[in-house]
Amino acid sequence: MVSKDAVDAALTAHAQWKKRLQTAIATGQSEFKVEIVQKDNECQFGKWLYGLSPDEKTNEDFQKIKALHADFHRTAGDILGLALSGDKELALKKLDYGGTYGGTSGRLVLALQSWKSKM
């Protein structure tokens with residue numbers, strides 16, 4: 001069932017990724033695996049999202065958020081991969097203001113907030 005609590009949890013959890021990626025870039029290490037981060041159905045929100053009923057999945061907001069959530073995970077996984085491979089410069093470029101991360105994350109946050117306001 002669509003829930004404001006699930007959306008709030010998603011907003012909080014996904015906000016933590018910027019710090020995790022900054023740490024990975026700085027240290028070249030992470031407790032997370034790139035191939036798992038890239039998947040949009042491995043995080044708590046993704047599991048919840050994929051577990052919604054077929055009727056709930058026809059909702060326009062669901063469709064938009066599912067796509068944006070997948071983009072977020074591909075972007076975070078890409079940056080994590082760069083960080084772990086030692087390409088700090090490109091990882092920082094993608095993470096910093098004006099990089100792909102900010103736009104992807106921002107679109108997801110706005111869509112989640114909009115969906116929550118309709119609940």
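Starting afresh in each chain, residues are numbered from 1 along the sequence in its written order. Thresholds applied to this predicted model are a pLDDT of at least 70 for local features of residues and 80 or more for the giving and counting of side-chain atom pairs; totals over whole chains, interfaces and linings are not thresholded and use all residues. By convention in this description, side-chain values take in all heavy atoms of the structure and omit both hydrogens and water.

Undergrad: Go over the layout of surface pockets with me, naming the residues and quoting the values.
TA: Only protein atoms enter the calculation, which uses a 1 Å grid: trapped sets of points that fit a 1.4 Å probe without letting it out are cavities, open sets showing protein on both sides within 12 Å along at least five of seven lines are pockets, and any residue with an atom within 4 Å of a point is a lining residue. Grid points are joined across faces, edges and corners, and a volume is the space filled by probe spheres set on the points. Computed from the structure, the largest pocket encloses a volume of approximately 290 Å³. As for the largest pocket, its lining consists of 17 residues, and the residues nearest its centre are Ala13, Glu42, Cys43, Gln44 and Phe45. Put simply, the parts of the chain that give the lining of the largest pocket at least two residues each are helix H1 (4-27), helix H2 (34-37) and helix H3 (44-50). Residue contributions to the lining of the largest pocket peak at eight residues, all from H1. Under this grouping Gly is polar, as are all residues other than the nonpolar Ala, Val, Leu, Ile, Met, Phe, Trp, Tyr, Cys and Pro and the charged Asp, Glu, Lys and Arg. Its residues assigned to classes, the lining of the largest pocket comprises eleven nonpolar, four polar and two charged. Secondary structure elements follow DSSP: runs of H or I of four or more residues count as helices, runs of E of two or more count as strands, with numbering from the N terminus.

Undergrad: Just give me the short version of the packing of H1 against helix H5 (residues 88-95), but keep the residues and values in it.
TA: Close contact between H1 and H5 brings their axes to 10 Å; oriented N to C, the two are set at 165 degrees. Taken together, the axes of H1 and H5 are roughly antiparallel relative to one another. The handedness of the crossing between H1 and H5 comes out as left-handed. Facing H1, whose interface residues are Lys18, Leu21, Gln22, Ile25 and Ala26, H5 presents Lys88, Ala91, Leu92 and Leu95. Counted by class, the contact of H1 with H5 contains six nonpolar, one polar and two charged residues. As a rule, the C-alpha atoms of each element are fitted with a line to give its axis, helices using only the stretch in contact, and angles between N-to-C directions run from 0 to 180 degrees. An angle counts as roughly parallel when it lies under 35 degrees, as roughly antiparallel when it exceeds 145, as roughly perpendicular when it falls between 65 and 115, and as oblique in every other case. Helix crossings fall into two classes, left-handed where the near helix is turned counterclockwise from the far one by less than a right angle and right-handed where it is turned clockwise. Should any heavy atoms of two residues lie within 4.5 Å, those residues are considered in contact.

By themselves, these are just geometric observations and shouldn't be taken as functional.
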